[in-house]
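# Coordinates in review
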Amino acid sequence: MGVLLGYSNRIDSAILSGGAWSAGLPVTNLQTRILGQIARTADATNTSSVINIDFGVARNIQIASLVNHNISLFGRVVFSASSDNFATTSYTSGEIEVWPAVYSSDDLEWEDESWWTGTYTAEDTEGYTTNITHIIPLLAYYRYWRISILDDTNPDGFIQLGRVFLGSAWQPTRDAEVGLGLGWETLTTVQKALSGTKYFQHRSPYRVTKFTLNVIDLDEAMNKALEIDKLMVIDGEVMFVQDTNDTIHAMRRRYLGTMRELNLIEFPYVGLGKKAYTIEEII
């Protein structure tokens, strides 16, 4: 449990292949940071919805995520890895439900749209940038990775994605202190006429999380907190997970973002650090 930061997304330097992708929306679109520049499969069949990834050398991958996807209610994803281009499979996540049940029937009324499935509805997910995130429970140094999307009944007739994140991760030994804040911010502007009528220029809201790691030992402060700041600065992608054990609110508490500022690591006690973070969602 506890907060986790994914960093050093390796997807941009990889060679991507496999599946069947639209000529106008190729799989290489996943190697841009513009989430709206999607990659789309030619159809929704399982053989078309595959991404083979070759990093050229073995990489330490501890977190994997598909961002801004259209995977349907019954879709599943498998993340797997190999040292020998899948002559053998060295790691597999197994089939992961993209939309697991989050409500029990006791929480819902008989007339509710999701009474039978317990999953989010389209209305629930509106306004969120969708992602499915898998945390790899071991050190995984492999050159070859494969993402298999199993959603051949997708009503859109295709699978589309805006971004893939495959990177390292840091879960601090001690969790964020009590007081973590999560909410929405917006660049929506307002002008008020002489009559007092307000006119709005709507902009999509984005999530922001603020938290403090109140106790970081010296090695962790130097090897992780300081190094991640150097690597990511304020423009590098980070995958934020508020609680690694939470599946019910994962849609709301996991997102791709950037660090808003680089805060100093303070040392209020000998050998123990303290650091504040503000993570701002990429939309």
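Everything numeric here is computed off the predicted structure, so don't read it as measured data. (Residues numbered from 1 in each chain as written. Predicted model: local features only at pLDDT ≥ 70, side-chain atom pairs only at ≥ 80, totals over all residues. Heavy atoms only, no water.)

Each regular strand shows side chains that alternate between the opposite faces of the sheet. Alternating residues of strand 1 (residues 4-7) divide into Leu4 and Gly6 and Leu5 and Tyr7, and every residue in both groups is buried. Pairing of strand 1 with strand 17 (residues 238-241), which is carried by 3 bridges, proceeds in the antiparallel orientation. Within the sheet, the bridge partner assigned to Gly6 lies in strand 17 and is Met239. The pairing of strand 1 with strand 12 (residues 163-170) spans 3 bridges and is classified as antiparallel. From the neighbouring strand, Gly6 faces strand 12, where its bridge partner is Ala169. (Buried < 20%, exposed > 50% of the residue type's maximum accessible area, 1.4 Å probe, protein only. Helix = DSSP H or I, 4+ residues; strand = E, 2+ residues; numbered from the N terminus. Pairing = 2+ DSSP bridges.)

For the rest of this paragraph, the subject is the environment of Phe55. Turning to its location among the elements, Phe55 is positioned in strand 4 (residues 50-60). In this structure, the C-alpha to C-alpha distance between Phe55 and Ala14, residues 41 residues apart in sequence, is 4.5 Å. For Phe55, the residues in contact, after removing those within four places along its chain, are Arg10, Ile11, Ala14, Ile61, Tyr142, Arg143, Trp145 and Leu166. (Contact = heavy atoms within 4.5 Å.)

Right, let's get into the side chain of Ser80. Locating Ser80 in the fold gives a position in strand 6 (residues 76-82). Ser80 sits in the buried class, given a relative accessible area of 8%. When neighbours within four sequence positions are excluded, Ser80 is seen to be in contact with Phe86, Thr89, Tyr91, Thr92, Tyr144, Trp145 and Arg146.

We now examine the packing of aromatic side chains. One pass over the full model with this rule turns up 6 aromatic pairs. Considering the side-chain rings of Tyr91 and Trp145, the 6.2 Å spacing of their centres and the 50° angle between planes classify their relative orientation as tilted. With Tyr91 in strand 7 (residues 91-92) and Trp145 in strand 10 (residues 141-150), this residue pair connects regions lying 54 residues apart in the sequence. Residues Tyr91 and Trp145 agree in their burial class; the two are buried. With centroids separated by 6.4 Å and ring planes inclined at 65°, the aromatic side chains of Tyr142 and Trp145 adopt a geometry described as edge-to-face. The pair Tyr142 / Trp145 is uniform in exposure class, with both members buried. Here Arg40 stacks its cationic end above the ring of Phe158, 4.1 Å away from the centre of that ring. A cation over a ring is seen here: Lys275 above Tyr277, with NZ or CZ 4.4 Å from the ring centre. (Phe/Tyr/Trp six-rings, centres within 6.5 Å; stacked < 30°, edge-to-face > 60°. Lys NZ or Arg CZ within 6 Å of the ring centre and 35° of its normal.)

Here we take up helix 2 (residues 218-232). Counted at 1.5 Å a residue, the expected span for helix 2 with its 15 residues is 21 Å, and the 20 Å between its end C-alpha atoms agrees. When we look at burial in helix 2, the residues that qualify are Glu220, Ala221, Ala225, Ile228, Asp229 and Met232. Capping of helix 2 at its N-terminal end is provided by Asp217; its side-chain oxygen lies 3.3 Å from the backbone amide nitrogen of Asp219. Where helix 2 ends, the next residue or the one after it, Val233, has phi of about 50°, a positive value. (Expected span 1.5 Å × (residues − 1). Polar contact = N/O pair within 3.5 Å; in protein donor to acceptor, adjacent residues only side chain to side chain.)

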